[in-house]
Structure formats: C-alpha cells, structure tokens
Amino acid sequence: MSCFWDAILNKIRMKDFQSIFNLQQKPSPQEFADLLKLHNKKTINILWNSEFLTNQQLEENFQHIHNYNSSNIHQGYDCSTSDPFLFLICEIFHININHIFLKHTIDYCHTKNIFNNNYTIKLQSDKGHMW
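Here is what the cut-offs are and how they apply
Residues numbered from 1 in each chain as written. Predicted model: local features only at pLDDT ≥ 70, side-chain atom pairs only at ≥ 80, totals over all residues. Heavy atoms only, no water. Buried < 20%, exposed > 50% of the residue type's maximum accessible area, 1.4 Å probe, protein only. Helix = DSSP H or I, 4+ residues; strand = E, 2+ residues; numbered from the N terminus. Contact = heavy atoms within 4.5 Å. Pairing = 2+ DSSP bridges. 1 Å grid on protein atoms, 1.4 Å probe; cavity = no way out; pocket = protein on both sides within 12 Å on 5 of 7 lines; lining within 4 Å. Points joined across faces, edges and corners; volume = space filled by probe spheres on them. Salt bridge = Lys/Arg side-chain N within 4 Å of Asp/Glu carboxyl O. Axes fitted to C-alpha atoms, helices over the stretch in contact; angles between N-to-C directions. Parallel < 35°, antiparallel > 145°, perpendicular 65-115°, else oblique. Nonpolar A, V, L, I, M, F, W, Y, C, P; charged D, E, K, R; others polar.

Moving on, we come to helix α1 (residues 3-11). The set of residues buried in α1 consists of C3, F4, W5, A7, I8 and L9. For α1, the elements touching its buried residues are α2 (14-21), α3 (29-38), α5 (84-93) and β5 (120-125).

Structure follows, in structure tokens:
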C-alpha cells in the first residue's frame, strides 16, 4: 500500500519533476522516496501552521528521512501530523501543502518563492489512508 506516495505524486506537477530532477516522467513511489532521501536537507524555509521548527525538530526530521527504508514502501507509511517528508517536499519543490487529517487542517508553507512556483497541494487522510 503506497497511498501516501501515490497521493503526493498525483498532485505534484510533471514540470516540477522535469525542472528539479530532470525527469521525463513521474517517478514510481519508491523512486520518489529515493530521490527525496538523496536530496534530504533541513527544511529551514518551511512554516508548520505558521511556525518555524526548532533546530531539534529540523534534525529529527532530517534523520527520519535519512533512516527511511524505501524498500518497505508498499507496507504503508505512517504519516504524522508534522511529517518530515511533507516538510522536505515543500522545501524541494517550493510548494505549500494543505493536509487535512481527520477534519483538522495542517499547513506546510514555503516562505520563499525563488522558482516562482508557489502553489498549494491539498491532501486528506484518516488513520489508515491518504488521498
């Protein structure tokens, strides 16, 4: 089950994969996770519900992605309400994410718009599925 990855891949624009990763087609969920791991960094430009993360949170998010085993991608991913991958996706793609989890809205917002690419993707999830 890769609904977390599928939902995100369905929302990110193909032109972004072309310009950022020089891809001619969208990656598979495992390829996408591997790309994120390869481009992992601290997400200093992202606000979470209008607040910056602490240095400790930034480091923990970095380590979470660094240690993620993408070969387990089809066993599901337990997305948190302050999710390291959502922070990193915002940072790399210069986008915003509006994540509705059990009717609670969580906003990840990029503070800089250097690619002139600041759009928002909307995701919804419950305790077992994302769409």
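So, on to the sheet that holds strand β1 (residues 46-48). Strand order in the open sheet made by the 5 strands is β2-β1-β4-β3-β5, with mixed pairing throughout. Both outer strands of the open sheet, β2 (51-52) and β5, are each paired with one neighbouring strand and no more.

Turning to empty space enclosed by the protein, a few remarks are in order. The tally for this structure, following the rule as stated, stands at 1 cavity of 30 Å³ or more. The computed volume of the largest cavity comes to approximately 40 Å³. Around the largest cavity sit N40, K41, K42, T43, L58, N61, F62, I65, P84, F87 and L88, which together line it. Elements represented by at least two residues in the lining of the largest cavity include exactly α4 (55-67) and α5.

Okay, the pattern of salt bridges next. Note on pairing: side chains with opposite charge can pair once their charged atoms come close. Scanning all chains against the criterion turns up 1 salt bridge. Note that K42 is salt-bridged to E59, the shortest N-O span being 2.8 Å. Of this pair, K42 sits in the loop between α3 and β1 while E59 sits in helix α4, and the two are 17 residues apart along the sequence. The class of E59 is partly exposed, set by a relative accessible area of 28%.

By secondary structure assignment, the location of N45 is in the loop between α3 and β1. Once residues lying within four places of it in the same chain are set aside, the contact partners of N45 are E91, C109, H110, T111 and K112.

Okay, the packing of α1 against α3 next. Viewed as axis vectors pointing N to C, α1 and α3 meet at an angle of 80°, and their least axial separation amounts to 9 Å. Classified by the angle their axes make, α1 and α3 are roughly perpendicular. Taken together, the residues of α3 that come into contact with α1 (itself represented by W5, D6, I8 and L9) are P29, F32, A33 and L36. Tallied by class, the residues present in the contact of α1 with α3 amount to 7 nonpolar, no polar and 1 charged.

Position of T120 among the secondary structure elements: in strand β5. Relative accessible area serves as the criterion here: at 41%, T120 is assigned to the partly exposed category.

So far we have only geometry, and geometry alone does not tell us how the molecule works.
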